[in-house]
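Summary of structural features
Okay, here's what each chain looks like letter by letter:
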Amino acid sequence: FTGDWKQWFYRSLVVLVVSCSCALLISVPTAVVTAIARAARDGILIKGGAHLEALGTLRVLAFDKTGTLTRGVPELQDVIALGPEHPDRLLRLAASVEDASGHPLAEAVITAARRRGLRWQAADDAQALPGRGVQGSVEGHAVSLGKPGPGSRPPGVIAQLGQLEDGAKTAVVLTIDGRPAALLAVADQMRPEASQAVAALHKAGIRPVLMLTGDNDRVAAAIAAHGSLDGWRAGLLPHDKTEAVTALRAEHGAIAMVGDGVNDAPALATADVGIAMGAIGTDVALETADVALMADDLAKLPQVIALSHRARSVIRLNIALSVTAVAVLVTAALPGVLSLTAVLLLHE
């Protein structure tokens, strides 16, 4: 503590310059930008450093079914008439109400009608019922197509529904003027990489991995078993998925939601990390999500989570090295070992 004020003023300047370490300032953004750029090269778009960091804290992950765990290209397998109407007429009515819908199940109905050479006109006053189906007016009849409800399950139909659902087929009911007229069974193939992706997520410490779907319990159970999932919640409307995400977060911790459709957008926004299937995902889902898998490859999920863990490790290492360097330099600056010129050269 000897020396005049000029000497200590000079040393204080040296300490001030040393403590403002450029390495400490740029260590975090450099690692974040590098990780995001690497993910982009692999077809994974991350919308910011906060989302990259959040990926490394995940404890539970939830999948949507159609278009996420499955290919999102379902095919119409069966048209079962529940009355005297011809199946082609029933399919034509179904195509009419589905004409303006962009849902994968609608595409399956439209494609099947085209293959049979059927002609139809779009329904009047057609409207989508989120999580339930579609409805409209066709040839003076009120026509709807959607999930089987209590009123559309007469005793003779229950057994047919069970057989279809046990085969992992999604059954929808065509209703004409309030009367169940046909069962349409649609099947969608699982993505081949789904089970391997789930296993890799388990290995990364993310458990449980579940499925949230608007489909029924039987179809959900068949899909979950095929994909080696830890569980499922079926029969969910969009707000039900949001509530499920909130409940899972409260029970397990940070959660990611993976989806592709409009119905998934509220859950994607509620999750700590929303992940959208980029190639087939709707604009709403892509806008809401924090991460987009542009290749629609579920194998990218474990990859981006591993990248997040690696980035977090590099950030911690960079900060530790920077703080250590600052501590050493400050210690050397206090007794006057370092000059201001030397410190400025070190910063250069």
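This section reports on the structure supplied with the text. Values in this document were obtained by computation on a predicted structure and should not be read as measured data.

1. Details of the overall build of the protein chain
For the protein chain, the count of helices and strands is 14 helices and 13 strands. Taking 2.2 N^0.38 as the reference for a compact globule, 348 residues should give roughly 20 Å; the C-alpha atoms of the protein chain span a radius of gyration of 29 Å, well beyond that estimate. Considering only C-alpha atoms, the protein chain reaches an extent of 105 × 35 × 30 Å along its principal axes. Taking all 348 residues of the protein chain together, 45% fall into the buried category. In the protein chain, the share of contacts with a sequence separation of at least 24, taken over all contacts with a separation of at least 6, comes to 64%. Surface summary for the protein chain: the accessible area is close to 16700 Å², and the carbon and sulfur share equals 58%. Taken together, the 30 basic and 34 acidic charged side chains of the protein chain have centroids lying 6 Å from each other.

2. Observations concerning helix H1 (residues 5-19)
The terminal C-alpha atoms of H1, which comprises 15 residues, lie 21 Å apart, in line with the 21 Å expected from a rise of 1.5 Å per residue. Every buried residue of H1 is accounted for by Arg11, Val14, Val15 and Val18. One face of H1 carries all of its buried residues, which in axial projection span an arc of 100°. Set apart from the buried face of H1 by more than 90 degrees, the exposed residues are Trp5 and Lys6.

Cut-offs used in this document
- Residues numbered from 1 in each chain as written.
- Predicted model: local features only at pLDDT ≥ 70, side-chain atom pairs only at ≥ 80, totals over all residues.
- Heavy atoms only, no water.
- Helix = DSSP H or I, 4+ residues; strand = E, 2+ residues; numbered from the N terminus.
- Rg over C-alpha atoms; globule rule 2.2 N^0.38 Å.
- Buried < 20%, exposed > 50% of the residue type's maximum accessible area, 1.4 Å probe, protein only.
- Contact = heavy atoms within 4.5 Å.
- Areas by Shrake-Rupley, 256 points an atom, 1.4 Å probe, with all protein chains shown as cover.
- Lys, Arg positive; Asp, Glu negative; His and termini not counted.
- Charge placed at Lys NZ, Arg CZ, Asp CG, Glu CD.
- Expected span 1.5 Å × (residues − 1).
- Arc of directions from axis to C-beta.

All we've got here are geometric facts, nothing functional implied.
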